[in-house]
Each structure stands twice: as C-alpha cells, then as structure tokens.
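Now for the letters of each chain:
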Amino acid sequence: MPVDPSLLGRTYPPSRPYEVGREKIREFADALGDDHPAYRDPEAAKALGYPDVLAPLTFPIVFALDAAMAVLRDLGIDLARVVHGDQTFRYARPLRPGDRLLTTVEVTGVKALAGNDVLTVECVSATEEGEHVVTSVCTLVHRGAE
Amino acid sequence: MSAPTWAGVEKGTALPSQTFTFRRGDLVRYAGASGDFNVIHWNDRIAAEVGLPNVLAHGMLTMGTVARVVTDWAGDPGAVTEYGVRFTRPVPVPDDSALDGSGGGSTVEVSAEVTDKLEDNLVKVTIKATYDGATVLAKAIAIVRLP
C-alpha cells in the first residue's frame with residue numbers, strides 16, 4: 001500500500017506530557033549496562049556542571065518512538081512490517097528528572113524506495129514551559145508486500 | 001587517561017575501542033526499560049515464522065550501548081550535542097547462556113575516531129560497530145563538545 005505523498009508536512013499535536021523520572025533513568029542506564037555515575041548520582045552530575053542526574057543519550061526513544069508510531073497507527077499500517085531505518089537525536093541539553101515533555105510530531109519525508117515506503121518523522125520535545133530539549137528524527141521503513 | 005580537550009585532538013584521533021556482548025536477558029531487560037516489546041526481540045517461534053535467523057537485539061539497544069565508546073571517552077555524557085545512526089544489519093542473539101545468565105551471547109566490536117573538528121569546540125566522531133565482521137550501524141556519528 002503506497003503511502004499518500006500528501007502526508008508530507010502533516011503534524012500531530014502533543015498528547016499528555018511525559019515526565020522524566022529519576023528511577024526510569026537509572027533503569028534505562030542499567031538496561032544499557034552503562035555504569036556512568038552521572039545517570040544515578042546527583043553529586044556526580046553536579047561535578048560535571050548539571051543541576052541533577054542526566055538521562056542516557058538514547059533515553060528520548062522511550063517517548064519519541066511511541067509518538068512517531070502515532071503516524072503509523074493513523075495510517076493503519078501493520079506495525080509488524082515496519083523496520084526502524086535510522087535514528088538521530090539533537091540535544092539542546094541533557095534530559096533530567098522532573099522534565100515534563102510535550103512532543104510534537106511532523107512527517108518530514110515520504111518516499112518510495114524499492115517497493116518500500118520510507119517515512120521520516122521528526123519529534124520535537126519541549127518542556128511545558130516551551131523550552132526545547134531534544135529533537136528525535138527517525139526513518140521508518142514500511143516493507144511492501146512480498 | 002585524562003579527558004580529551006578540543007585543542008588536544010585532531011582529525012584521525014582514535015577513541016579507545018570497546019566490545020559489548022548482548023545476551024537474551026539483556027534484550028528482555030531493555031524491552032522492559034524502553035517499553036519496546038516487539039516480539040521479534042524475545043520470541044524464537046515468531047522470529048522464525050517471520051524468517052529471521054534468530055531473535056534480534058533492539059536496534060536502539062545497540063545504538064544506546066555503542067554510544068559508550070564516545071561518552072566514556074568524553075567523560076561527560078551531556079557533552080554530546082547530536083547522535084545519529086543508520087541500522088544496516090541486525091544483531092541476532094541466540095538463547096545460549098547458562099542458567100545464571102552468563103556465557104554465550106553476541107559480541108559487537110566498536111571503534112571510533114575523530115573525523116572532523118568543528119567550530120565552538122565541537123568535534124565529529126564517527127563510530128564503527130561490527131558483529132561477525134559485518135557493519136551493524138552505518139553513518140554512526142556523534143557531535144561532541146570538548147573543553
């Protein structure tokens with residue numbers, strides 16, 4: 001099913017805010033096997049110049065991928081046929097506990113490639129006060145029927 | 001090794017290489033932490049049914065783990081202003097560990113080097129990650145601000 005090219009530029013407003021939690025950061029760092037103290041010990045983070053512990057680089061995927069998937073659900077695409085093609089994060093600053101982030105989703109690329117639909121989805125996450133924190137860009141490859 | 005400085009690195013400066021081993025238990029733990037419960041990351045039967053060689057590591061687990069080559073080198077994980085990868089080849093993870101979770105697993109070898117010096121004390125680091133001799137992440141780039 002070719003994806004409609006008019007999808008380009010479509011935006012999805014944020015749903016409820018995602019609140020970054022101290023223990024979620026610890027759990028995520030544990031799952032990566034990353035023992036850097038700045039993810040767990042506020043004093044270690046302060047020594048690096050941050051107000052509190054920081055989240056690992058790929059932590060935003062916890063809320064960004066789900067936000068991007070909203071596009072696929074909207075299109076009625078079978079998620080089992082979707083492959084994560086690439087992923088980029090651009091950080092204004094590290095995420096920290098207590099951040100309440102609203103993520104706005106925009107479809108910034110739609111193309112057909114070798115029978116697959118390739119969607120580029122940009123997720124811009126800002127605090128409720130409007131401070132931009134991170135932009136997550138992913139491409140999702142929807143594999144065409146065999 | 002002391003933390004790198006912008007003045008102290010040049011194009012071609014190599015970062016310390018590391019290897020990371022993924023076992024089935026790591027995938028289960030990452031699924032829980034990330035909320036990505038796609039069955040191809042834990043269910044042998046369905047992985048086989050959809051034609052995969054084995055259960056696969058989450059691409060985002062590979063991306064997140066491999067980043068340590070950069071953050072361990074910089075010393076400050078918050079020094080990375082941009083991080084991106086392309087997932088070129090999945091990492092199959094067999095169910096071959098002992099009862100206590102040790103042994104077996106799939107090992108990814110990671111190297112990286114400074115490939116450009118940019119303005120504002122930024123450097124571009126290009127990461128190479130391979131499993132079984134094949135590249136698993138392409139265009140794997142981190143932009144890092146050094147003191």
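Described in the following lines is the structure provided in the data block. (Residues numbered from 1 in each chain as written. Chains lettered and ligands numbered in written order. Predicted model: local features only at pLDDT ≥ 70, side-chain atom pairs only at ≥ 80, totals over all residues. Heavy atoms only, no water.)

## Thoughts on the overall build of chain B
Here is the rule: Working definition: helices are DSSP H or I runs of at least four residues, strands are E runs of at least two. Numbering for both runs from the N terminus. For every residue, the accessible area (1.4 Å probe, protein chains only) is compared with the maximum for its type, and the residue is labelled buried under 20%, exposed over 50%, or partly exposed between those bounds. Contacts are assigned to residue pairs with any non-hydrogen atoms lying within 4.5 Å of each other. Only the protein chains shown count as covering a residue, and every accessible area follows the Shrake-Rupley method with a 1.4 Å probe. As used throughout, the charge tally considers Lys and Arg to be positive and Asp and Glu to be negative, leaving His and the chain termini uncounted. Every charge is mapped to an atom, namely NZ of Lys, CZ of Arg, CG of Asp or CD of Glu.
Each helix and strand in chain B was counted, giving four helices and five strands. Helices (α) and strands (β) of chain B occur, in sequence order from the N terminus, as β-α-α-α-α-β-β-β-β. C-alpha extents for chain B along the principal axes are approximately 55 × 30 × 30 Å. In chain B, buried positions account for 45% of the 147 residues. Relative to all contacts within chain B whose residues are 6 or more apart in sequence, the contacts with residues 24 or more apart total 66%. Here chain B has roughly 6,900 Å² of accessible surface; of this, 50% comes from carbon and sulfur atoms. Seen as two clouds, the 13 positive and the 17 negative side-chain charges of chain B have centres 4 Å apart.

## Comments concerning the pairing of strand 3 (residues 106-117) of chain B
Residues and elements named next belong to chain B. Using the following cut-off: Note: two strands are recorded as paired if DSSP finds a minimum of 2 bridges between them.
Pairing geometry for strand 1 (residues 14-22) and strand 3, over seven bridges, is antiparallel. In the sheet register, Thr19 faces strand 3, and the bridge partner there is Glu109. Note: strand 3 against strand 4 (residues 122-131), nine bridges, orientation antiparallel. By the bridge assignment for strand 4, Asp116 is matched with Lys124. In sequence, strand 3 turns back onto strand 4 through a hairpin of four residues, with Asp120 there showing a positive phi of about 55°.

## Quick look at the interface of chain B and chain A
The test is simple: What gets called buried area is simply the loss in accessible area from a 1.4 Å probe that two parts show on being joined, summed for both. Throughout this description, the term salt bridge denotes a Lys or Arg side-chain nitrogen within 4 Å of a carboxyl oxygen of Asp or Glu.
Residue-level contacts link 26 residues of chain B with 26 residues of chain A. Both sides of the chain B and chain A interface together cover about 2,300 Å² of buried area, and 58% of this is carbon and sulfur. If you sort the residues of chain B by the area they bury against chain A, B:Ala33, B:Met60 and B:Pro77 come out on top, with a joint share of 23%. Run the count over chain B and chain A and you get one salt bridge. A salt bridge links A:Asp86 to B:Arg86; the shortest N-O distance between them is 2.9 Å.

## Thoughts on the layout of surface pockets
Rules: Detection works on a 1 Å grid of protein atoms alone, calling trapped sets that fit a 1.4 Å probe cavities and calling open sets with protein on both sides within 12 Å along at least five of seven lines pockets, with lining residues defined by an atom within 4 Å of a point. Grid points are joined across faces, edges and corners, and a volume is the space filled by probe spheres set on the points. Side-chain classes are defined by residue name, with Ala, Val, Leu, Ile, Met, Phe, Trp, Tyr, Cys and Pro counting as nonpolar, Asp, Glu, Lys and Arg as charged, and the others, Gly among them, as polar.
Of the volumes computed, that of the largest pocket is approximately 1,300 Å³. The wall of the largest pocket is formed by 47 residues, among which A:Val82, A:Val83, A:His84, B:Asn38 and B:Ile40 lie closest to the centre. Grouping the constituent residues of the lining of the largest pocket by class yields 26 nonpolar, 13 polar and eight charged. What the second largest pocket holds in volume is close to 370 Å³. Elements with a minimum of two residues in the lining of the second largest pocket: helix 3 (61-75) and strand 4 (100-113) of chain A. With six residues, the top contributor of residues to the lining of the second largest pocket is helix 3 of chain A. Of the residues contributing to the lining of the second largest pocket, the split by class is 12 nonpolar, two polar and three charged.

## Some remarks on the packing of helix 1 (residues 22-31) of chain A against helix 1 (residues 24-34) of chain B
Applied cut-off: What counts as an axis is a line fitted to C-alpha atoms, over the stretch in contact for a helix, and the angles between N-to-C directions run from 0 to 180 degrees. Between 65 and 115 degrees an angle is taken as roughly perpendicular, under 35 as roughly parallel, over 145 as roughly antiparallel, and anywhere else as oblique. Crossing handedness follows the turn of the near helix against the far one: under a right angle anticlockwise gives a left-handed crossing, and clockwise gives a right-handed one.
The N-to-C vectors of helix 1 of chain A and helix 1 of chain B enclose an angle of 155°; their axes lie 9 Å apart at closest approach. Our classification of the angle between helix 1 of chain A and helix 1 of chain B gives roughly antiparallel. The element helix 1 of chain A and its partner helix 1 of chain B pack so that their crossing is left-handed. Residues A:Lys24, A:Glu27, A:Phe28, A:Asp30 and A:Ala31 of helix 1 of chain A pack against B:Arg29, B:Tyr30, B:Gly32, B:Ala33 and B:Ser34 of helix 1 of chain B. A breakdown of the residues in the contact of helix 1 of chain A with helix 1 of chain B according to their chemical character gives four nonpolar, two polar and four charged.

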